Amino acid sequence: MANKGKVKVGIIGSQFEADIHAASFQIMPEEAEVVAVASPTPGHAAELAERYNIPRVFLDYREMLKEKDIEMVTITAPNKLHCQMTLDIANAGKHVVCEKPLCMTLEEADLMIETCEKQTQHGYLIG
Ligand SMILES: NC(=O)c1ccc[n+]([C@@H]2O[C@H](COP(=O)([O-])OP(=O)(O)OC[C@H]3O[C@@H](n4cnc5c(N)ncnc54)[C@H](O)[C@@H]3O)[C@@H](O)[C@H]2O)c1
């Protein structure tokens, strides 16, 4: 990770699994801090942000990826979006945590792993 101390996290998605991710990070405040959430339905990311005191809210996750201090992004969006989101996150130089199932095909999985290995310092892709 770029900085010592807490890992700064962004969450993509705002519903069932996003809530679990946000709650999980809250029980390890020394290790990680959720600083942003992105979800395309107006109001949904803001609701999650209010529940968990997340300071930054985005409708488009690609805008969230421009935030330089975010080191890791978790994906809680529908399965068919996992591959493209992983590529976008890794290409922004950030580590990826992806909800299961990892993706739709073995070809997508290979591409996701290869891109994370190439673009991030340690190549983390956790699925
Ligand atoms: N629900 C479960 O019990 C469960 C268990 C294990 C894994 N998962 C996995 O977790 C993931 C999310 O599941 P869920 O139940 O939270 O789904 P959900 O339908 O409740 O939420 C999906 C979220 O993704 C967001 N989203 C959709 N398109 C998007 C886009 N283009 N950009 C950003 N966000 C977008 C939606 O707005 C919503 O916030 C899925 O991959 C699912 O397989 C779910």
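Anything mentioned here points back to the structure above.
The following paragraphs examine the structure supplied in this document. Computed from a predicted model, the values in this text were never measured in an experiment.

This brings us to the pairing of strand E4 (residues 72-75). Covered by surrounding structure in E4 are Met72 and Thr74 together with Val73 and Ile75, the residues of both alternating faces. In the sheet, strand E1 (residues 7-12) pairs with E4 via 4 bridges, with the strands oriented parallel. Bridge pairing in E4 links valine 9 to methionine 72. After leaving E4, the chain enters helix H4 (residues 82-91) and then returns to the sheet as strand E5 (residues 95-98), a path that is right-handed.

Turning our eyes to something else, we now look at the packing of aromatic side chains. One pass over the full model with this rule turns up 0 aromatic pairs. Between the NZ or CZ atom of arginine 62 and the centre of the ring of tyrosine 61, over which it lies, the distance is 5.8 Å.

Another point: the site of the ligand. In the region of the ligand, 19 residues are neighbours, and Ser14, Glu17, Asn79, His82 and Lys100 sit closest. One of the backbone N or O atoms of phenylalanine 16 is found 3.5 Å from an oxygen atom in the ligand. In the model, an oxygen atom of the ligand is placed 3.0 Å from a nitrogen or oxygen of the lysine 100 main chain. With the chains in place, 68% of the 840 Å² that the ligand exposes on its own is no longer accessible. Sorting the residues of the shell around the ligand by element identifies helix H1 (16-26) and H4 as the ones contributing at least two each.

The rules we used
Residues numbered from 1 in each chain as written. Predicted model: local features only at pLDDT ≥ 70, side-chain atom pairs only at ≥ 80, totals over all residues. Heavy atoms only, no water. Buried < 20%, exposed > 50% of the residue type's maximum accessible area, 1.4 Å probe, protein only. Helix = DSSP H or I, 4+ residues; strand = E, 2+ residues; numbered from the N terminus. Pairing = 2+ DSSP bridges. Right-handed = clockwise from strand over helix to strand, strands pointing away. Phe/Tyr/Trp six-rings, centres within 6.5 Å; stacked < 30°, edge-to-face > 60°. Lys NZ or Arg CZ within 6 Å of the ring centre and 35° of its normal. Near = heavy atom within 4 Å. Polar contact = N/O pair within 3.5 Å; in protein donor to acceptor, adjacent residues only side chain to side chain. Areas by Shrake-Rupley, 256 points an atom, 1.4 Å probe, with all protein chains shown as cover.

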